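Listed below, chain by chain, are the residues.
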Amino acid sequence: MLDAHDLHVWMIGAGVLACSCHVVVEEQSVASGQLVLRAVVESLQQSFRINHTTIQIEAQGCPDGAMYCNVEPLKGK
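Residues numbered from 1 in each chain as written. Predicted model: local features only at pLDDT ≥ 70, side-chain atom pairs only at ≥ 80, totals over all residues. Heavy atoms only, no water.

Participant: Can you help me understand the sheet that holds strand S1 (residues 3-13) in this one?
Facilitator: In sheet architecture, strand pairing relies on hydrogen bonds along the backbone and comes in two forms, parallel and antiparallel. The strand order S1-S2-S3 describes an open sheet built from three strands, whose pairing is mixed. This sheet does not close on itself; its edge strands, each paired only once, are S1 and strand S3 (50-59). With direction set aside, neighbouring strand axes in the sheet form an average angle of 15 degrees. Pairing of S1 with strand S2 (residues 16-25) involves eight bridges; the strand directions are antiparallel. Of the residues in S2, the one forming a bridge with Gly13 is Val16. Here helix H1 (residues 30-48) sits on the sheet and contacts S2 and S3; the angle it forms with S3, its principal contact strand, is near 150 degrees. (Pairing = 2+ DSSP bridges. Helix = DSSP H or I, 4+ residues; strand = E, 2+ residues; numbered from the N terminus. Axes fitted to C-alpha atoms, helices over the stretch in contact; angles between N-to-C directions. Contact = heavy atoms within 4.5 Å.)

Encoded structure:
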């Protein structure tokens, strides 16, 4: 994970915390991005007891606010 932004945390009900955020990663395969996603979700659960998350993974190099991202294919793939 390179960066996180647009982080919002709120309480849905008694003891139920929710979080939404954008996580920036280097260009990588979808499977690798899913590993990052799982690590972020587990960290939020273990460190802050946040059990309801919505996390958007973004590839580095995509312009902010862009509808589409033009990225080069990974070398050797």
